[in-house]
Amino acid sequence: MSITSSTTIELISNLTAINASSDEVSSWIESINNEHDQNSASGEVRLMESQEATSSGKNSTSLVRCAKKENFSFICECFFMTARVLNLGLMKAISDFKHISQQLARLEDDLESNRAMRDQGGGSPQLEQDINRLEKIVEILTQDKFCYEAQILRDGAFLQRALSFYRLMILWSVDLVGGFKMPLPSQCPKKFSCIPEHFLDDAMDLLVLTSRIPKALESFVLDDFLSFIIMFMGSTSYIKNPYLRAKMVEVLNCWMPQRSGLSSTASLFEGHQLCLDYLVRNLLKLYVDIEFTGSHTQFFDKFNIRHNIAELLEYLWDVPSHRNAWRQIAKEEEKGVYLNFLNFLINDSIYLLDESLNKILELKEIEAEMANTIEWERRPPQEREERLRVFHQWENIVRFDMKLANEDVGMLAFTSEQIPAPFLLPEMVERVASMLNYFLLQLAGPQRKSLTVKDPEKYEFKPKQLLKQIATIYVHISRGDKEAVFPAAISKDGRAYNDQLFASAANILWRIGGDPQIIKEFMQLAGKAKAAASEAMDAEAILGDIPDEFLDPIQYTLMKDPVILPSSKVTIDRPVIIRHLLSDSTDPFNRSHLTQDMLIPNTELKLQIEEFVRSQQSRKRTAAESEIGEPDGTADMVE
């Protein structure tokens with residue numbers, strides 16, 4: 001299909017391109033026009049020469065005029081104009097419908113919260129006005145929503161025709177990169193990168209909408225859409241907008257069999273070859289890429305997007321072929337994208353659980369205030385309303401954060417069982433141990449009773465389940481620990497580690513019906529950690545005062561593999577800087593760009609450290625042998 005129509009080119013020149021700047025699009029259009037002008041001029045010359053040889057001057061002029069007239073495909077014009085009409089018509093209506101639905105949901109939550117505040121003794125005149133105002137707005141928006149549903153959602157035939165058009169759009173765009181095959185060409189073709197972004201964005205929006213309408217996709221073939229999504233979901237060099245790639249995950253999330261209600265979608269995930277080869281890989285890559293979207297809301301957006309990815313990954317883990325692919329990726333990319341994925345999964349788990357538990361304490365504080373009815377009633381109505389508003393706001397935050405935290409901890413549990421190796425890498429093991437120790441302290445430590453709330457299920461807070469999962473993760477990692485590095489990492493954590501904490505956790509696990517085998521291995525690991533702590537103290541005593549130049553500048557621990565940072569020239573322990581680079585590709589001392597391959601081994605310092613350790617150990621052995629020999633000498637003197 002030709003895309004050189006001047007009308008079409010003018011039409012797309014002012015639209016956001018899929019992966020090209022406005023200057024790049026203008027340059028591409030100019031090159032196309034120049035090429036077209038050269039071809040036209042060449043054609044005119046040939047026609048004039050031919051006409052001069054066979055016809056009169058009058059006929060020659062007529063033919064030249066005919067040659068100058070542009071002759072572009074009518075189908076091409078219709079195709080591009082249809083895409084724009086749908087964008088300005090149907091997709092605008094769908095966008096408005098989505099906005100109304102979201103606004104209505106928020107206002108209904110606000111209305112419910114205000115009514116709850118009124119029921120709890122916050123009946124001020126201003127609150128009544130707010131309730132009346134919200135009720136009127138909700139009624140109007142509900143009517144608007146019904147109108148959109150009647151006009152759009154009920155017209156299944158129209159939606160099917162629109163889907164058919166966007167299927168053609170997908171086929172055409174894939175043809176620009178060489179068809180449905182992976183991997184994609186290393187260089188993104190200019191024709192593809194200059195496609196208006198809304199062409200593909202509209203296709204994904206329509207798929208999300210129709211996927212949520214019962215039976216809307218029942219007879220529609222989705223294979224081409226699935227192939228397109230798998231091809232481009234993980235590629236930043238083809239699709240620049242991370243939110244568009246995230247929308248592709250949203251589509252797949254809607255297609256999961258347990259959610260779509262369609263048996264046909266199971267065959268999409270479990271029998272589609274591109275899906276089997278690349279889906280898990282690209283989901284893991286997007287999980288990492290979405291950390292930085294460039295938007296001012298990226299911190300909060302990433303949790304919503306990763307929620308969709310996590311749900312999809314959890315489903316795929318139960319499909320044997322996808323689980324095998326996952327294990328293979330973890331092996332191949334153990335120090336690449338998989339380690340980045342694991343790092344961000346741990347980051348999110350710590351943040352979400354920590355935020356949730358802190359907010360639960362704040363909820364308890366307000367609950368206690370309301371329980372003291374005499375003091376509560378003495379407060380001014382406006383103050384009570386403000387506290388209740390904060391209470392309901394935190395309820396929503398805790399519910400959302402705790403749901404995501406449960407997903408992340410669950411993913412750590414099932415992946416650590418069959419893929420423990422990445423958790424035990426030098427740059428990861430201490431961080432994993434610290435995370436687990438911290439969670440254990442919160443769930444089984446002295447302050448655990450402060451986390452009890454009236455209705456924990458309301459907030460997705462399941463402390464018993466969480467504690468079982470944390471213990472299971474400890475055991476899974478320990479089972480894969482062939483080098484016995486995990487117990488030492490657990491005991492090195494000076495913030496949360498305590499050997500009594502493990503005994504307390506085991507007692508709770510027995511009471512709540514934990515797996516006996518898991519509890520047994522959990523306590524065996526606790527014993528190893530205690531022994532490792534004792535050995536570490538002995539080793540520290542042997543080393544004595546360590547020269548400052550041998551200490552890592554961030555952790556203040558003895559370096560084992562010192563490396564030089566090329567920009568700041570600071571020497572740092574390799575596992576420490578790699579752990580930093582997993583989240584931030586900059587030198588921590590001057591913020592210059594830094595990657596793992598830029599690290600310079602400090603071989604001379606490493607040899608000095610090794611010599612220092614040997615000499616300290618030798619001195620300690622000599623002293624010990626001397627002490628052993630002294631009693632014998634004393635006995636001889638007495639005799």
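On a predicted model such as this, the values are computed, not experimentally measured, just so you know. (Residues numbered from 1 in each chain as written. Predicted model: local features only at pLDDT ≥ 70, side-chain atom pairs only at ≥ 80, totals over all residues. Heavy atoms only, no water.)

### Focus on the overall build of the protein chain
Part 1 of the reasoning: When helices and strands are counted, the protein chain shows 26 helices and three strands.
Part 2 of the reasoning: The buried share of the protein chain, reckoned over its 639 residues, is 46%.
Part 3 of the reasoning: Once local pairs closer than 6 in sequence are excluded, the contacts in the protein chain between residues at least 24 apart make up 74%.
Part 4 of the reasoning: Surface accessibility of the protein chain: about 32,500 Å² in total, with carbon and sulfur atoms responsible for 51%. (Helix = DSSP H or I, 4+ residues; strand = E, 2+ residues; numbered from the N terminus. Buried < 20%, exposed > 50% of the residue type's maximum accessible area, 1.4 Å probe, protein only. Contact = heavy atoms within 4.5 Å. Areas by Shrake-Rupley, 256 points an atom, 1.4 Å probe, with all protein chains shown as cover.)

### Re the sheet that holds strand β1 (residues 562–564)
Part 1 of the reasoning: The antiparallel open sheet is built from three strands, whose spatial order is β2-β1-β3. Across the chains shown, the open sheet's two edge strands, defined by having one partner strand only, are β2 (571–573) and β3 (600–601).
Part 2 of the reasoning: Its contacts with the sheet place helix α25 (residues 574–581) against β1, β2 and β3, and it is angled at close to 85° to β2. (Pairing = 2+ DSSP bridges. Axes fitted to C-alpha atoms, helices over the stretch in contact; angles between N-to-C directions.)

### Considering the pattern of salt bridges
Part 1 of the reasoning: Going through the model one piece at a time under the given rule, you end up with 28 salt bridges.
Part 2 of the reasoning: Between Glu250 and Arg212 there is a salt bridge, with its nearest N and O atoms 3.0 Å apart. Remark: Arg212 occurs in the loop between α9 (197–211) and α10 (223–232) and Glu250 occurs in helix α11 (residues 242–255); sequence separation between them is 38 residues.
Part 3 of the reasoning: Salt-bridge contacts for Lys302 lead to Glu291; the nearest nitrogen and oxygen are separated by 3.0 Å. Of the two residues, Lys302 is situated in helix α15 (residues 298–317) and Glu291 in the loop between α14 (273–289) and α15; the sequence distance between them amounts to 11 residues. For the pair Lys302 and Glu291, a shared accessibility class is recorded, and that class is buried.
Part 4 of the reasoning: Through salt bridges with shared partners, a single ionic network connects Glu291, Lys302, Arg306 and Asp348. (Salt bridge = Lys/Arg side-chain N within 4 Å of Asp/Glu carboxyl O.)

### Observations regarding the packing of aromatic side chains
Part 1 of the reasoning: As enumerated under the stated definition, the model contains 29 aromatic pairs in all.
Part 2 of the reasoning: Aromatic side chains Phe80 and Phe199 sit 5.8 Å apart centroid to centroid with 50° between the ring planes, which places their arrangement in the tilted category. Of the two residues, Phe80 sits in helix α4 (residues 74–88) while Phe199 sits in helix α9, which places them 119 residues apart along the sequence. The burial state of Phe80 is the same as that of Phe199; both residues are buried. (Phe/Tyr/Trp six-rings, centres within 6.5 Å; stacked < 30°, edge-to-face > 60°.)

### Some thoughts on the side chain of Glu311
Part 1 of the reasoning: Along the chain, Glu311 falls in helix α15.
Part 2 of the reasoning: Within the structure, Glu311 has its side chain in polar contact with the side chain of Asn253 (distance 3.4 Å). (Polar contact = N/O pair within 3.5 Å; in protein donor to acceptor, adjacent residues only side chain to side chain.)

### Considering a negative patch on the surface
Part 1 of the reasoning: Taken together, the side chains of Glu108, Asp109, Asp110 and Glu112 define an acidic patch exposed on the protein surface.
Part 2 of the reasoning: Mapped onto the elements, Asp110 comes out in helix α5 (residues 90–119).
Part 3 of the reasoning: For Asp110, a relative accessible area of 40% translates into the label partly exposed. (Patch = residues over 30% accessible without salt bridge, like charges linked within 9 Å, V, L, I, M, F, W, Y side chains within 5 Å. Lys, Arg positive; Asp, Glu negative; His and termini not counted. Charge placed at Lys NZ, Arg CZ, Asp CG, Glu CD.)

### Regarding the state of the cysteines
A disulfide bridge is the covalent bond that connects two cysteines by way of their sulfur atoms.
Part 1 of the reasoning: Scanning the model with the defined rule gives zero disulfides in all.
Part 2 of the reasoning: Cysteine Cys76 shares no disulfide, and the gap to the nearest cysteine sulfur, in Cys78, comes to 9.2 Å.
Part 3 of the reasoning: With a relative accessible area of 2%, Cys76 lands in the buried category.
Part 4 of the reasoning: Cys194 carries a free sulfur, and the closest cysteine sulfur to it, the one in Cys188, is 8.6 Å from it. (Disulfide = S-S within 2.5 Å.)

### Digging into the packing of helix α19 (residues 381–418) against helix α21 (residues 463–479)
Part 1 of the reasoning: Where α19 meets α21, the closest approach of the two axes is 8 Å, and the angle between their N-to-C directions is 30°. With respect to their mutual orientation, α19 and α21 come out roughly parallel. Crossing of α19 against α21: the hand is left-handed. Contacts between α19 and α21 involve Met402, Asn406, Val409, Gly410, Leu412, Ala413, Ser416 and Glu417 from the first element and Leu466, Gln469, Ile470, Ile473, His476 and Ile477 from the second. (Parallel < 35°, antiparallel > 145°, perpendicular 65-115°, else oblique. Left-handed = near helix turned anticlockwise from the far one by under 90°.)

### Describing the confidence of the model for the protein chain
Part 1 of the reasoning: Per-residue pLDDT for the protein chain has a mean of 84; in total, 88% of the residues score no lower than 70.
Part 2 of the reasoning: Taking the mean pLDDT of every element in the protein chain, the minimum, 41, falls on helix α3 (residues 57–68) and the maximum, 94, on α21.
Part 3 of the reasoning: Note that residues 56–70 has pLDDT below 50 and, in this model, 11 contacts with residues that lie over four places away or in other chains.
Part 4 of the reasoning: Low pLDDT, under 50, characterises residues 633–639; the stretch is placed with zero contacts to residues that sit more than four places away or in other chains. (pLDDT = per-residue confidence, 0-100.)

### A closer look at helix α7 (residues 156–175)
Part 1 of the reasoning: When the terminal C-alpha atoms of α7 are compared, their 29 Å separation across 20 residues agrees well with the 28 Å that a helix rising 1.5 Å per residue should span.
Part 2 of the reasoning: The secondary structure elements touched by the buried residues of α7 are α4, α5, α6 (125–153), α8 (190–193), α9 and α10. (Expected span 1.5 Å × (residues − 1).)

### As for the environment of Gly445
Part 1 of the reasoning: Assignment of secondary structure puts Gly445 in the loop between α20 (426–444) and α21.
Part 2 of the reasoning: Between the C-alpha atoms of Gly445 and Ala496, which are 51 residues apart in sequence, the distance is 9.5 Å.
Part 3 of the reasoning: When near neighbours in sequence (up to four residues on either side) are disregarded, Gly445 contacts Leu440 and Leu501.

### A closer look at the packing of α14 against helix α17 (residues 337–371)
Part 1 of the reasoning: α17 packs onto α14 with a crossing angle of 55° between their chain directions and a minimal axis gap of 9 Å. Accordingly, the angle class assigned to the pair α14 and α17 is oblique. In this structure, α14 meets α17 at a crossing whose hand is left-handed. Two secondary-structure elements touch here, α14 through Leu284, Lys285, Tyr287 and Val288 and α17 through Val337, Tyr338, Asn340, Phe341, Phe344, Leu345 and Asp348.
Part 2 of the reasoning: For the contact of α14 with α17, the per-class residue count stands at eight nonpolar, one polar and two charged. (Nonpolar A, V, L, I, M, F, W, Y, C, P; charged D, E, K, R; others polar.)

### Some points on the nonpolar core
Part 1 of the reasoning: Within the largest apolar cluster, 169 residues are counted, with the highest numbers of intra-cluster contacts made by Phe232 and Trp255.
Part 2 of the reasoning: With 15 residues, the single largest contributor to this core is α17. (Core = buried A, V, L, I, M, F, W, Y, C linked by side-chain atoms within 4.5 Å.)

### Digging into unusual backbone geometry
Part 1 of the reasoning: Following Met182, the chain continues to Pro183 via a peptide bond in cis, the omega torsion being 0°.
Part 2 of the reasoning: Assignment of secondary structure puts Pro183 in the loop between α7 and α8.
Part 3 of the reasoning: Positive phi, close to 60°, is recorded for Tyr556, a residue that is not glycine.
Part 4 of the reasoning: As for its position among the elements, Tyr556 is in the loop between α24 (516–543) and β1.
Part 5 of the reasoning: Of note in the backbone geometry, Arg591 takes a positive phi value of approximately 65° without being a glycine.
Part 6 of the reasoning: You can see Arg591 is positioned in the loop between α25 and β3.
Part 7 of the reasoning: Judged by relative accessible area, which is 48%, Arg591 ranks as partly exposed.

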